[in-house]
Protein chains: 2
Amino acid sequence: MRLADLSEQSRVSIATIKYYLREGLLPPGRLVNATQAEYDESHLRRLRLVRAMIQVGRMSVAAVREVLVQVDDESLGRTTRLGAALWALPRATEAAPDEAEQDGHGQDEAGQDDPATAAARRQISDLIARLGWADVAAIGPLSPVYRELVATVASLQRLGYPLDADDLAPYARLMEQTAVHDLDRMERLRTSVEQVEEAVASAVLFDPVLLGLRGLAQQQEAARRYGL
Amino acid sequence: MRLADLSEQSRVSIATIKYYLREGLLPPGRLVNATQAEYDESHLRRLRLVRAMIQVGRMSVAAVREVLVQVDDESLGRTTRLGAALWALPRATEAAPDEAEQDGHGQDEAGQDDPATAAARRQISDLIARLGWADVAAIGPLSPVYRELVATVASLQRLGYPLDADDLAPYARLMEQTAVHDLDRMERLRTSVEQVEEAVASAVLFDPVLLGLRGLAQQQEAARRYGL
């Protein structure tokens, strides 16, 4: 299909598509003559993924590019590509700034080894041992999502809401089950690049859906226990 | 305790505490003389909750005030207060802006009854019927969290990632179990105001923790299936 058709089918404007092409977020089409290129289903799929990462995941162009490098690296094989792509994804778990930081009063010192961070690191490491997440234990502390979780737990502790492995374990087990559903959904797709794309899209897109479902479930459970 | 002690114990600056007092987010202390007021544990707890809503929940002062009105309305009884407070909480599930909206090209018209929204509404209503969430079904479409979930699902559909009740049901059942844990945690607390405060804090604070755990669980499950 031509650029105009790609725009129509994806409902992404031609200007935006050209911008993604320039930024390397979308592979170039196949040139059919000096001024026209031909695009196919893979462009449509990629465009959908890029929009998901930017609009829902609120990711920067640079972060999207980094994830796509992993998605497209055929030398890696599905397994490693999947891991690397999920790894490169920034998460919406960014720690809240401390009051000290926010007000600039400097009551807390922010540093790798402040007491709250050290405690959070121990609790997450306890949790992972208890769950038997051996692979996360092996590589975990290096991964962005692990570091962000430590920062979030540390930040809640500083706010006066400490969480330990006992508090976290039941939730972690439920998230283990959501991860099984995530990967089952992914495995229904045919090609390896589609699977990796789907895993990335689902990681980014499902966060707001899960939180919405959690909110509804809380309302339902509260009404069930205590009446409307 | 005096204002200075409240500030020290909460690690919130005096200026910020005075601001919260002026804005009605913190009840006034008991006046001991013309210029000094006495604060107690309830102020410390409330301060912790306000910081959680503002720093982690990124809520506006007006939104915090609205939630606190529900938390404090003793005339309602725990049940209704809890429901009303959870109801008033804005959620991090805000729908992504459409490309049309973002680019100002107007390819999509955003409106109550565009096809994606109508489809999302049907899917959420199917889902709720299937789960047997009778209370949510009764009042649901009026609640902010319900409307936001519809908007999110509609927005994913427009992005080319349709979700139906089959896709959503397993996740909703897992969120049902997280809601049970949430309310069990809450019920361990003694007083009704503490319980309602805890429910609000947990609803706000646990979102980033859950998403962090989901990310770790995805890495673990991917590594388990496909190797490191």
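Quick note: structure is the one above.
Predicted model only: the values in this text are computed from it and were never measured.

## Concerning the interface of chain A and chain B
At the junction of the two partners, chain A supplies 96 residues and chain B supplies 96 residues. Summed over both partners, the interface of chain A with chain B buries about 9400 Å², with 64% contributed by carbon and sulfur atoms. Viewed at the interface, chain B and chain A are joined by 10 salt bridges. Of the charged contacts in the structure, one is a salt bridge between Arg214(B) and Asp182(A), with a shortest N-O distance of 3.1 Å. At the junction of chain A and chain B, the tally comes to 22 residue pairs in polar contact (both at pLDDT 80 or more). Partitioning the side of chain A that touches chain B into residue classes produces 50 nonpolar, 22 polar and 24 charged.

## Details of the packing of aromatic side chains
The final tally for this structure, using the stated rule, is four aromatic pairs over all chains. Relative to Tyr171(B), the ring of Phe206(A) has its centre 4.4 Å away and its plane inclined at 50°; by these criteria the two rings are tilted. Of the two residues, Phe206(A) sits in helix H11 (residues 192-226) while Tyr171(B) sits in helix H10 (residues 165-187), which places them in two different chains. Note on Tyr19(B) and Tyr20(B): the rings are 6.1 Å apart at their centroids and 45° apart in plane angle, and the pair reads as tilted. A relative accessible area of 33% places Tyr19(B) in the partly exposed class. Taking NZ or CZ as reference, Arg48(A) lies 4.5 Å from the ring centre of Tyr161(B), over its face.

Analysis parameters
Residues numbered from 1 in each chain as written. Chains lettered and ligands numbered in written order. Predicted model: local features only at pLDDT ≥ 70, side-chain atom pairs only at ≥ 80, totals over all residues. Heavy atoms only, no water. Contact = heavy atoms within 4.5 Å. Buried area = accessible area lost by both parts, 1.4 Å probe. Salt bridge = Lys/Arg side-chain N within 4 Å of Asp/Glu carboxyl O. Polar contact = N/O pair within 3.5 Å; in protein donor to acceptor, adjacent residues only side chain to side chain. Nonpolar A, V, L, I, M, F, W, Y, C, P; charged D, E, K, R; others polar. Phe/Tyr/Trp six-rings, centres within 6.5 Å; stacked < 30°, edge-to-face > 60°. Helix = DSSP H or I, 4+ residues; strand = E, 2+ residues; numbered from the N terminus. Buried < 20%, exposed > 50% of the residue type's maximum accessible area, 1.4 Å probe, protein only. Lys NZ or Arg CZ within 6 Å of the ring centre and 35° of its normal.

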